[in-house]
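Coordinates in review
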Amino acid sequence: MAVMVIMLLGVLLGYRWFPERWGKWNASIQVICIALLIFSMGIKLGSRENFLSELTQLGWKSLLFALLSILFSVIFVYWFSEKWIQKTSQKTNLGEEQSDLKGERL
Amino acid sequence: MIVIAITALILGVVCGQWLFPADWSRWIGILSDYILYLLMFSVGISIGNNKFVLKKLREYNLTVLLIPFGIVLGSALSGFFCGVILNMPFSVSVPIASGMGWYSLSGGMMGKLAGPEAGAIAFLSNLLREILSFLLIPLIVKYLNPYTAIAPAGATSEDTTLPMMIKYTSEDVVVLSVLNGMLCSALVPVMTNFFYEVL
């Protein structure tokens, strides 16, 4: 619960007051925090006695998660896009306004 | 990011296995609470500060939301299936699947919230999802349709897998891909927390 509240406070700060030019610093903080969390997870993993023997099993479980999450996402998006998006895009031509977007992202 | 994330993981394992005394892990646990809070605050700022998505959403009609909606639905549902197959609590399996390819955040968060094993699976499964997306995007464009090629990429469709979208799809699909990645990225921490606490 505390995590959700803290995140919401962040959203509010970001929406109302946070200057966009500080975005790079904010992104760096995220990278550092993520690296530290993964490092601490690694410590906990490594301090298990039978860590190496567990590793293969973790790999298989992970592969199942990856395959099923891709499969289900593909099924739903394919279904939705065939049913609604294809038709809508033919009518409204979604491709009209992407030039400014490309400039910003790429 | 991949280099930083994998280096951090390997360094952590090496330190945990051979270098650090066992009682250090308690202190590291306490410290990582605060790191998670700082991370969530910072991610929140990014979400709130991203006016670009709101602007673009107003320009397009709501059908663009169907892609992220399908990905969110598919990912969460796969979490339930994996939970049943692997005999894992839904409060762990559904948040893992909600990582939608953002392995670093998902791995870091789940490692802190649900323990190192869940964290490792979140990290590895979402990394695999990203890698498999690279291989699948051209095939999906060819055999299904270009919009569906965004589906495996999930939250990564705005950055790491975007070059593949640019190469194999048209410009309008690339715009949808960027929008989808931003929305899914914002939803990863929200869904991870939500499903971990509610299920």
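Here is a short report on the structure shown in this document. (Residues numbered from 1 in each chain as written. Chains lettered and ligands numbered in written order. Predicted model: local features only at pLDDT ≥ 70, side-chain atom pairs only at ≥ 80, totals over all residues. Heavy atoms only, no water.)

Summing up its helical and strand segments, chain A has four helices and zero strands in all. Going residue by residue from the N terminus, the α and β elements of chain A occur as α-α-α-α. Per-residue burial over chain A gives 40% buried out of 106 residues. Carbon together with sulfur atoms contributes 64% to the accessible area of chain A, which is approximately 6,500 Å² in total. (Helix = DSSP H or I, 4+ residues; strand = E, 2+ residues; numbered from the N terminus. Buried < 20%, exposed > 50% of the residue type's maximum accessible area, 1.4 Å probe, protein only. Areas by Shrake-Rupley, 256 points an atom, 1.4 Å probe, with all protein chains shown as cover.)

Turning to the packing of helix H2 (residues 23–46) of chain A against helix H6 (residues 103–114) of chain B, a few remarks are in order. Relative to each other, H2(A) and H6(B) sit at 50 degrees, their axes nearing to 8 Å. The orientation of H2(A) relative to H6(B) falls into the category oblique. Remark: the crossing between H2(A) and H6(B) carries left-handed chirality. From H2(A), Ile34(A), Leu37(A), Ile38(A), Met41(A) and Lys44(A) reach across to H6(B), where they touch Ser104(B), Leu105(B), Gly107(B), Gly108(B), Met109(B), Gly111(B) and Lys112(B). (Axes fitted to C-alpha atoms, helices over the stretch in contact; angles between N-to-C directions. Parallel < 35°, antiparallel > 145°, perpendicular 65-115°, else oblique. Left-handed = near helix turned anticlockwise from the far one by under 90°. Contact = heavy atoms within 4.5 Å.)

Let's shift gears to the environment of Asp33(B). Residue and element names in this part refer to chain B. Take aspartate 33: it is sitting in helix H2 (residues 24–49). Overall, the relative accessible area of 31% leaves aspartate 33 in the partly exposed class. Sequence separation between aspartate 33 and lysine 112 is 79 residues, and the spatial gap between their C-alpha atoms is 7.4 Å.

In terms of nonpolar packing, the biggest core is built from 79 residues, with Met40(B) and Ile96(B) touching the most fellow members. Tallying contributions element by element places helix H10 (residues 171–198) of chain B first for this core, with 12 residues. Split by domain, this core shows at least three residues from each of two domains, domain 1 (1–47) and domain 2 (52–91) of chain A. In this structure Ile96(B) touches Phe65(A), Met88(B), Ser106(B), Met110(B), Ala118(B), Ile121(B), Ala122(B), Ser125(B) and Asn126(B), once residues within four positions along its chain are discounted. (Core = buried A, V, L, I, M, F, W, Y, C linked by side-chain atoms within 4.5 Å. Domains from an automatic or database assignment.)

Now for the layout of surface pockets. Reported here for the second largest pocket is a volume of approximately 280 Å³. Put simply, the parts of the chain that give the lining of the second largest pocket at least two residues each are helix H3 (51–92) of chain A together with helix H1 (2–19) and helix H7 (116–143) of chain B. Sorting elements by how many residues they give to the lining of the second largest pocket places H1(B) first, with six residues. Of the residues contributing to the lining of the second largest pocket, the split by class is 15 nonpolar, one polar and no charged. (1 Å grid on protein atoms, 1.4 Å probe; cavity = no way out; pocket = protein on both sides within 12 Å on 5 of 7 lines; lining within 4 Å. Points joined across faces, edges and corners; volume = space filled by probe spheres on them. Nonpolar A, V, L, I, M, F, W, Y, C, P; charged D, E, K, R; others polar.)

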